[in-house]
Amino acid sequence: MNVGCVILACTLLVGASVGSKAVQPLKAPCRPGFSQNFYTVIVPRDVLHGQSILKDTTLSSERVKFEDCQRSREVGFISNDPNFSVRPDGTVYAEQEVANLSEPVQFMVTARGLHDPHIWETTVKLALAGHPHPLALTKVGFEDMLSRVWESQPRVIKFARKHQRSSSVNGLRRQKRDWVIPPINVPENSRGPFPHMLVRIRSDQDKDVGIRYSITGAGADQPPSGIYNIDPISGNMFVTQPLDREERASFHLRAHAVDMNGNQVENPIDLYIYVIDMNDNRPEFQNQVYNGSVAEGSKPGSSVMQVTATDSDDSTTANGMVRYRILSQTPHSPIPNMFTINSETGDIVTVAAGLDREKVSQYTIIVQATDMEGNLNFGLSNTATALISITDINDNPPELTVRTFSGEVPENKVNVVVTNLTVVDRDQPHSPNWNAVYRIVSGDPSGHFTIRTNPITNEGMLTVVKPVDFEMNRAFMLTVVVSNQAHLASGIQSSLQSTAGVTISVQDVNEPPVFPVNPKMIRFEEGVPAGTTLTVFAAQDPDHFIHQIVRYSKLSDPANWLKINRTNGQITTMALLDRESMYVKNNVYEATFLAFDNGSPQASGTGTLQIYLIDVNDNAPVLVPREAQVCERARPNSRINITASDADADPNVGPFVFELPSFPASVRRNWTISRLSGDYAQLRLRIPYLEASVYEIPVIVSDSGNPPLSNRSLIRIKVCPCDDSGDCSATGAVAAAGLGTGAIIAILICIIILLSMVLLFVVWMKRREKERQAKPLLIDPEDDVRDNILKYDEEGGGEEDQDYDLSQLQQPESLDHIINKPAGVRRVDERPVIAESQYPVRPSLPHPGDIGDFIIDGLRAADNDPTAPPYDSLLVFDYEGSGSTAGSVSSLNSISSGDQDYDYLNDWGPRFKKLADLYGGGDDD
């Protein structure tokens, strides 16, 4: 039997599972090399030319991807199969014509940089799309087939000789001057025993010299090292452990033969080892729970969702071919099999009609994925859950709960909800298919009402948006229609209950009087006298069905110029109207009036009267500026530009006329005015020199009113010496600003007054001092604490230095001398229960001479007060009995006898130096 068929049969029959290998490796840093260590390329049948594949034919759109990590290296691909190779862009092509591809072909591709010693390898497997697979065998057949795979390996591989022209029976064949070693196939997950012999490497020169064999490459002496080894003497090559195709699908080793001295005897040969896939991985769903949706009412065959499971085994064999099926559906309404699944793609579609969201909103489907093309006897399975939500369509029109609604609204009110229109809709709440839209189709031509939808309850709130008038409409009959935001689904008709009538009653309320023209504008000249009737500002009562009396009052009159007749609304002036008043804005004066009726409750309305005041020439112009300066010597630029301001309006303002008065004569003699324009003139010196000083020049300004008004204004001009540029110098400015005679006299008077006040104050203080010295003090001057410095830290010499009678501090044996004490005699220690004496109250600002009188009065009151002891009596603060057994503290003597040595105080530092001098220096004394 062909070795390829045996290998394919093994891949179809393995049923052992080692669990899912779903743990994804961590993303490693970019490393140059192939993106995968094993590529499966499916060759479509349309590339076949009959049963053959022509030379240079691209076999598939799938590519072998090589990552150079953006190093832009030039890499070439070399295949160990003379029939197939890889182009630089990664496409797989036929290097020469291939008779057929009835069985999968597997070959090794090596990538080598043109200027880089590194090499990279990967395995490419070609399989014709849809080629048939042998029937599954039993478990016993698999064990037998597995042993045949091991036995089918070439037993001996000899080193190629350059002169050799024919192939041996051990598997070597001659083609294109190169010996091609057939690949060694090793099944993954073999149970051993290990090490297991694969082939024997042999040189024809082993009969002449001693040969030592070795192998190199990944899996031997390079990571992962130790998987393969070779007996250096016999050349037997072994695999030492089970292999995993999902970790590494192929190995490329090189066999070497050297003599006993290490000299190369044969050229190295390449050994390609392919790991044959076994079904050891379950299909794994990308998600444990899939969420899909389909609209209710969908036709059979409508796509719902797709589930996807992947198998780590070889996808070109049955080990990695996954098939899907539905295990269960919950609920079973309306039938148990509402959905089906494409066994190869995992697409779930509907197979029956009758999906209704209002009955079943979600289906739960258990989907099973099985490899081995769905063979439940040998394949491995896994399950996932598909949640199919039935999406809503607008197949239920909204229906109003009643045929007629009613409500009432007071007139002249807006944003008032008249009534709520309730509706029922069985579609999904808070969706466009459920949200109600209300329309008024008749009964409201003026647009007094609108219907807003409550977003929570879906009710229609009939609201007043334009005031209604009871005198014009006492009731409204509306027709409303309700629909959804979304259009009804195809074939669904509107319900008759989607239309209803609404009856609205208007309630009459007392409406305020209304001014027909508001605001009302009238025109008058300013200056009209008080008592002038301006207009009649009357209001009308809109309540035609009720006779009511309207009265008027003033609400706002900023200048208090107007009054209104309470009965008929006649407006009369109370003061002169002045257009230039601060209360007039843009020639308009506004006042607000109130009109109120005698209804219940009382209603009132306001009206605004606007009086446009026409200007009259009642304001004389005023000269501008009021101060200026010129040089004392006439210069071309020593001119003062003057103008005027007038509070009136045109035509009672400019052009102005400026002229100098004829008196005093010095004005016209020294100054002259020349006209510049209608509003401006120039004032300048007529004489060549004028002494530096400050001059007040009168100027007469007249406006253009009819009749014109004139005003005599003074302009204060400082005449000063100027520098070369025509500006006043600093000394000149000071000289020009000199004080006049009147100012100097005023300053002298102020100085005399200030000196007189100081003199009077000094005389008054001397008099008060004499009065204080003439009045004797009540205390000894030495005891006067007002101007003396007292010492509070002076210590006495001890109790022995004080001549005190300590017996006075003890509790007396008898109180007879106190009880029998005549009135007026001071007590010692008791406090009798009698009314307290009234002490004199010291004035808040006593005169210094009255302090003695105050002290005498206080002393007299204290002597006659039986409730408080005098200041010179002895008080008992703590009673210790009639006598004290304790001796005087002064009798205590120091126990220091001088025998004690205080020299150690000198060692205690500078803080104890004084103490050491007092006690440690006794011997020196």
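Check the entry above for the structure.
The following paragraphs examine the structure supplied in this document. Being a predicted model, the structure only gives us computed values, none of them experimental.

### Brief notes about the overall build of the protein chain
So, point 1. For the protein chain, the helix and strand inventory stands at eight helices and 52 strands.
So, point 2. Put simply, the protein chain has 925 residues, and 36% of those count as buried.
So, point 3. At a minimum sequence separation of 6, the contacts of the protein chain that also span at least 24 residues come to 67%.

### Structural notes on the pattern of salt bridges
So, point 1. Summed over the entire model, instances satisfying the criterion amount to 15 salt bridges.
So, point 2. In this structure, aspartate 615 engages arginine 579 in a salt bridge whose closest nitrogen and oxygen atoms are separated by 3.0 Å. Here aspartate 615 is found in the loop between β44 (604-614) and β45 (622-624), whereas its partner arginine 579 is found in the loop between β42 (570-573) and β43 (588-596), with 36 residues between them in sequence. One exposure class covers both aspartate 615 and arginine 579, and it is buried.
So, point 3. Note that glutamate 696 and arginine 716 form a salt bridge whose closest N and O atoms lie 3.8 Å from each other.

### Looking at the packing of aromatic side chains
The geometry of an aromatic ring pair is captured by two quantities: the separation of the ring centres and the angle between the planes.
So, point 1. Summed over the entire model, instances satisfying the criterion amount to 16 aromatic pairs.
So, point 2. For the pair phenylalanine 515 and tyrosine 552, a centre-to-centre distance of 6.5 Å together with 50° between the ring planes defines the contact as tilted. Of the two residues, phenylalanine 515 is situated in the loop between β37 (499-507) and β38 (520-525) and tyrosine 552 in strand β40 (residues 551-556); the sequence distance between them amounts to 37 residues.
So, point 3. Through pairs of rings, three or more aromatic residues link up here, namely Phe34, Phe66, Phe77 and Trp120.

### Thoughts on the sheet that holds strand β7 (residues 91-94)
So, point 1. Pairing is antiparallel in the open sheet, where three strands are placed in the order β3-β7-β6. In the strand order of this sheet, the two ends are held by β3 (58-63) and β6 (84-86), each with one partner. Each strand axis lies, on average, 20° off the axis of its neighbour in the sheet, ignoring direction.
So, point 2. Pairing analysis gives two bridges linking β3 to β7, with the strands arranged antiparallel. Across the sheet, the residue bridging to arginine 63 is threonine 91, located in β7.

### Focus on a positive patch on the surface
So, point 1. On the surface, a cluster of positive charge is made up of Arg639, Arg668, Arg684 and Arg686.
So, point 2. Here arginine 639 lies in strand β47 (residues 639-645).
So, point 3. Take arginine 639: its relative accessible area is 37%, and that puts it in the partly exposed class.

### Let's talk about a nonpolar patch on the surface
So, point 1. Taken together, the side chains of Leu754, Val758, Phe761, Val762, Trp764 and Met765 define a hydrophobic patch exposed on the protein surface, amounting to about 600 Å² of accessible area.
So, point 2. Mapped onto the elements, phenylalanine 761 comes out in helix α5 (residues 741-774).

### Here's the deal with the pairing of strand β52 (residues 710-720)
So, point 1. In this structure, strand β46 (residues 627-631) lies alongside β52, joined through five bridges in parallel fashion. Each bridged residue has a counterpart across the sheet, and for glutamate 627 the counterpart in β52 is arginine 716.
So, point 2. Two elements, strand β51 (residues 693-702) and β52, share ten bridges in a ladder whose sense is antiparallel. Counterpart to isoleucine 700 in the pairing with β52 is arginine 712.

Each value, and the rule that gives it
Residues numbered from 1 in each chain as written. Predicted model: local features only at pLDDT ≥ 70, side-chain atom pairs only at ≥ 80, totals over all residues. Heavy atoms only, no water. Helix = DSSP H or I, 4+ residues; strand = E, 2+ residues; numbered from the N terminus. Buried < 20%, exposed > 50% of the residue type's maximum accessible area, 1.4 Å probe, protein only. Contact = heavy atoms within 4.5 Å. Salt bridge = Lys/Arg side-chain N within 4 Å of Asp/Glu carboxyl O. Phe/Tyr/Trp six-rings, centres within 6.5 Å; stacked < 30°, edge-to-face > 60°. Pairing = 2+ DSSP bridges. Axes fitted to C-alpha atoms, helices over the stretch in contact; angles between N-to-C directions. Patch = residues over 30% accessible without salt bridge, like charges linked within 9 Å, V, L, I, M, F, W, Y side chains within 5 Å. Areas by Shrake-Rupley, 256 points an atom, 1.4 Å probe, with all protein chains shown as cover. Lys, Arg positive; Asp, Glu negative; His and termini not counted. Charge placed at Lys NZ, Arg CZ, Asp CG, Glu CD.

Shape is all these values report; function is a separate question.
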